[in-house]
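# A look at the structure
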Amino acid sequence: EEIPEEELDAFTAIMMETGERDHFIPRGKDYYKRVFANLGDDAVLFMAYLEDTPIAGTIGVFSGRKGWYLYGASSNAHRNVMPNYLLQWEMIRCTMSRGESDFYDFRGVPGILTEDNPLYGLYRFKKGFSGDYIKFTGLFVHKFHPLLADGFQFALKAFRKVRAMTMIKK
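A brief report on the enclosed structure follows. (Residues numbered from 1 in each chain as written. Predicted model: local features only at pLDDT ≥ 70, side-chain atom pairs only at ≥ 80, totals over all residues. Heavy atoms only, no water.)

We now examine unusual backbone geometry. A positive phi is found at Glu51, a non-glycine position, where the angle reads about 50 degrees. Of note, Glu51 is situated in the loop between strand E1 (43-50) and strand E2 (53-63). Non-glycine residue His78 carries a positive phi angle of around 65 degrees. Take His78: it is sitting in the loop between strand E3 (66-74) and helix H3 (83-96). (Helix = DSSP H or I, 4+ residues; strand = E, 2+ residues; numbered from the N terminus.)

Pasting the structure below:
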């Protein structure tokens, strides 16, 4: 089932607002379109509305006996009604409704779980659902072509700097 254009527009707008508030560079609408095109029926967009105004959205992925929280965003307006809690609960219910579901994965939290970590609130939000903190082994990289890999990393850093500068100007 295709995601209605106005729903994707609303989610993208809220994601842009979240990125500005939380100091990250969000992806554009075309990226989310590709997520849904590539994941098909396994990807679901959840939106929270207050009096016909979109105030939060999440993207969940459901496959087999598992569900994953992929992306989430919330508007600056009406944060006091805590729509993200409702959306997470609905994604958990969606996972459970698929039959013999084993788990719902909130995905990443900061590696350093101290209150002075700027991302500690993210951990606290996710932990509030009484889940278990599971630490996985880190990412391992093997460079088959070190010179090419280093050149790519340099170009990626430059790209991100330019993209960040253009986002700030908007």
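Let us now look at the nonpolar core. The biggest cluster of nonpolar side chains holds 13 residues, and the ones touching the most others in it are Phe11, Tyr32, Phe36, Leu45, Met47 and Ile59. Residue assignment for this core shows that the elements contributing at least two residues are helix H1 (5-22), helix H2 (29-39) and E1. Looking at this core, the element that brings in the most residues is H1, giving five residues. Within the second largest apolar cluster, 11 residues are counted, among which are Ala48, Ala56, Leu87 and Met91. (Core = buried A, V, L, I, M, F, W, Y, C linked by side-chain atoms within 4.5 Å. Buried < 20%, exposed > 50% of the residue type's maximum accessible area, 1.4 Å probe, protein only.)

The next point concerns the side chain of Thr58. Mapping Thr58 onto the fold places it in strand E2. Among all residues touching Thr58, those that are not within four sequence positions of it are Phe11, Val44, Leu45, Phe46, Tyr69, Tyr71, Gly72, Leu87, Gln88 and Met91. (Contact = heavy atoms within 4.5 Å.)

Further remarks concern H2. Within H2, the full set of buried residues consists of Tyr32, Val35 and Phe36. Seen along its axis, H2 keeps its buried residues to an arc of 90 degrees; they face one direction. The exposed set on the far side of H2, more than 90 degrees from its buried face, consists of Asp30, Ala37 and Asn38. Along its buried surface, H2 packs onto H1, E1, E2 and E3. Once H2 ends, the next one or two residues include Gly40, with phi positive near 60 degrees. (Arc of directions from axis to C-beta.)

For the structure on display, the rule yields six salt bridges. One salt bridge connects Arg21 with Asp22, and the closest N-O pair in it is separated by 3.3 Å. When salt bridges that share partners are traced, they join Glu5, Asp9, Lys29 and Lys33 into one network. (Salt bridge = Lys/Arg side-chain N within 4 Å of Asp/Glu carboxyl O.)

Further remarks concern the pairing of E3. Put simply, side chains in a regular strand alternate between the two faces of the sheet. In this structure, E2 lies alongside E3, joined through eight bridges in antiparallel fashion. Directly across from Gly60, in E3, lies its bridge partner Tyr69. Between E2 and E3, which pair antiparallel in sequence order, lie two residues; one of them, Gly64, sits at a positive phi of approximately 60 degrees. (Pairing = 2+ DSSP bridges.)

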